[in-house]
Amino acid sequence: ALREDIRQLVDAMLARGAAARQILRVITTLNDVTVRRVIELNLARHPPGVAFTWLSFGSEARQEQTLHTDQDNAIVFEPPPDMDAEAVRARLLPFARRVNDDLAACGFSLCRDNIMAGNPALCLSVAEWEDWYQRFTESWTPKNLMYSAIFFDARAVYGDIALADALLARVRERIRVHSLFQRMLAESALERRPPLNFFQGFVYARGGEKHTIDLKLQGLTPFVDAARVLCHARGLPAVNTFDRLEALQQAGMLDARDVNAFLEAYGLLHLLRMRHHQQCLAAGEPLDNRIRPADLNALDARILRESFRQAQRLQQSLALLYQL
C-alpha cells in the first residue's frame, strides 16, 4: 500500500516540473528504505544468525530506478571464525529467498535471469566475490561482457557498507589497470548505438511494435555504458550516471560544455520515459519503454532527436579513447 504512494509522489513531481535527477533520487531513496524494511521484518521473524551485507546492482545501484523495475541484488558476507562459507550460505539462502519474494510482493519484479540474493551463485563470501570478479574480468565471454553492465554498477544497501565499499574499490582498481579488458568493455558499449541514421532520422527498434523506439535500450543505455567505461579508465568511484559524467569533467576527460549537454540530454530522456510510464498506468497497460516518435509533439520530437545526438557524441569520446 505504501508503494502506491511513491507512484503518486512521482506523478506530483512530474506535474511540478521537477528535474529527472531529483525524481530518480527520490524513487531510489524510497526503494532503498523499502528494501531495508523488508530485510528488517524478515530478520525479526527468521533471523539467519550470521551477519551479511545486501548489495544492489544495475539501476538501483546507480540510483536511477523508475517505477518500471525488477530485482538485481546479492549478498556478501565474512564467515565467522567457527564457520566456513558453505555453512554461512546454508543459513542465508532461505532468508534471502524470503526477502526476494517479499520484495516481489511490494512491486519489485523477480529477475528473469535470477540475479538475486537467493541464488547460491550470488550469495558469496568476500573471498568468493574477489575470485568471482577476477574470473569475470579475465574471461571475456559475450555473456560476461553483457553482465558487466549489471555487476560493475554495485552499491551496498544494508549491512556492513564499509566491507562492500572496500570490495568494490578493489574491483575498480583491477579494471583500471586492465586496459585490454577496458577495451573489450568499450567495444561492447559501442554495440548499442543511439537510434539515428546518417541523416538524423529515427531508426526504429526491432522485436516490438513497428515505428517505436526503446527509450531505455536505445536512448539511456548508450549514456550509461559509455560513462561507466570512461570512469573505469580512471578508477573513478562514482556509480550514478549523472555523477559519473561530472566526475569525468573534474578528471579532465570531458569538456564542461559537453558534460552540460550530456547531463541535459540524459535527464530529458528519463523524463520522456517516466511520462510514458504515466500514460501506460493511466491506460491500464503494462509498463514498457517503447514510444512512437510520431505521437510526440514537434518540440518533444526535437528534444528526443537532439538527446540521441548527444549520446552519439559521448560514444565518439569513448571510441576515440580506445581507438575503436
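K.L.:
Please give an account of the packing of helix 11 (residues 256-282) against helix 12 (residues 298-321) that cites residues and values.
P.N.:
For the pair helix 11 and helix 12, the least separation of the axes is 9 Å and the interaxial angle reads 130 degrees. It follows from the interaxial angle that helix 11 and helix 12 lie oblique. Considering only the axes of helix 11 and helix 12, their crossing is left-handed. Facing helix 11, whose interface residues are Asp258, Ala261, Phe262, Ala265, Leu268, Leu269, Leu272 and Arg275, helix 12 presents Asp300, Ile303, Leu304, Ser307, Phe308, Gln310, Arg313 and Leu314. Looking at the contact of helix 11 with helix 12 residue by residue, the classes come out as 10 nonpolar, 2 polar and 4 charged.

K.L.:
Describe the sheet that holds strand 2 (residues 73-77), naming the residues involved and giving the relevant values.
P.N.:
Taken together, 4 strands build an open sheet; the order of strands is 3-2-1-4 and the sheet is mixed. Unpaired on one side and paired on the other, strand 3 (123-125) and strand 4 (154-158) mark the two borders of the sheet. For this sheet, the mean angle separating the axes of adjacent strands, direction not counted, is 35 degrees. Pairing of strand 1 (residues 53-57) with strand 4 involves 4 bridges; the strand directions are antiparallel. Across the sheet, tryptophan 54 pairs through a bridge with tyrosine 158, a residue of strand 4. Across the sheet, helix 5 (residues 126-138) touches strand 1, strand 2, strand 3 and strand 4, and the angle it forms with strand 3 is around 100 degrees.

K.L.:
An account of unusual backbone geometry is needed here, citing residue identities and associated values.
P.N.:
With a phi angle near 60 degrees, glutamine 63 is a residue other than glycine that sits in the positive phi range. Tracing the chain through its elements places glutamine 63 in the loop between helix 3 (58-61) and strand 2. One non-glycine residue with positive phi stands out, namely asparagine 114, at about 60 degrees. Turning to its location among the elements, asparagine 114 is positioned in the loop between helix 4 (85-105) and strand 3.

K.L.:
For helix 5, give the residues involved together with the corresponding values.
P.N.:
In a regular helix each residue adds 1.5 Å, so 13 residues correspond to 18 Å; helix 5 covers 18 Å between its end C-alpha atoms and thus fits that length. Buried within helix 5 are the following residues: Val126, Trp129, Glu130, Trp132, Tyr133, Phe136 and Thr137. Projected down its long axis, helix 5 carries its buried residues within an arc of 165 degrees, all on one side.

K.L.:
Any chance you could break down the nonpolar core for me, citing the residues and the numbers?
P.N.:
Within the largest apolar cluster, 76 residues are counted, with the highest numbers of intra-cluster contacts made by Ile23, Phe57, Trp129, Tyr133, Phe151 and Leu318. In this structure, Phe77, Ala85, Phe95 and Ala96 belong to the second largest nonpolar core, which totals 21 residues.

K.L.:
Explain the pairing of strand 2 to me, and be specific about the residues and the numbers.
P.N.:
Here strand 2 lies mainly inside the structure; 5 of its 5 residues are buried. Where strand 1 lies against strand 2, 4 bridges are found, and the strand directions are antiparallel. Paired with tryptophan 54 across the two strands is isoleucine 75, which belongs to strand 2. Sheet analysis places strand 2 next to strand 3, joined by 3 bridges and oriented parallel. Opposite phenylalanine 77, over in strand 3, you have serine 125 as the bridge partner. The β-α-β motif built from strand 2, the intervening helix 4 and the parallel element strand 3 has right-handed crossover chirality.

K.L.:
Tell me what's going on with the side chain of glutamine 315, and back it up with residues and numbers.
P.N.:
Locating glutamine 315 in the fold gives a position in helix 12. Residue glutamine 315 is classed as buried on the basis of its relative accessible area of 1%. Residues contacting glutamine 315, with those up to four places away along its chain left out, are Ala189, Leu190, Arg192, Arg193, Pro194 and Pro222.

K.L.:
Quick rundown of the pattern of salt bridges? Include the residues and the values.
P.N.:
Under the criterion given, the structure shown has 23 salt bridges. Where glutamate 130 meets arginine 174, a salt bridge forms, and the shortest distance between an N and an O atom there is 3.6 Å. Note that glutamate 130 is positioned in helix 5 and arginine 174 in helix 7 (residues 161-176), a separation of 44 residues in sequence. Note on glutamate 130: relative accessible area 17%, which makes it buried.

The rules we used
Residues numbered from 1 in each chain as written. Predicted model: local features only at pLDDT ≥ 70, side-chain atom pairs only at ≥ 80, totals over all residues. Heavy atoms only, no water. Axes fitted to C-alpha atoms, helices over the stretch in contact; angles between N-to-C directions. Helix = DSSP H or I, 4+ residues; strand = E, 2+ residues; numbered from the N terminus. Parallel < 35°, antiparallel > 145°, perpendicular 65-115°, else oblique. Left-handed = near helix turned anticlockwise from the far one by under 90°. Contact = heavy atoms within 4.5 Å. Nonpolar A, V, L, I, M, F, W, Y, C, P; charged D, E, K, R; others polar. Pairing = 2+ DSSP bridges. Expected span 1.5 Å × (residues − 1). Buried < 20%, exposed > 50% of the residue type's maximum accessible area, 1.4 Å probe, protein only. Arc of directions from axis to C-beta. Core = buried A, V, L, I, M, F, W, Y, C linked by side-chain atoms within 4.5 Å. Right-handed = clockwise from strand over helix to strand, strands pointing away. Salt bridge = Lys/Arg side-chain N within 4 Å of Asp/Glu carboxyl O.

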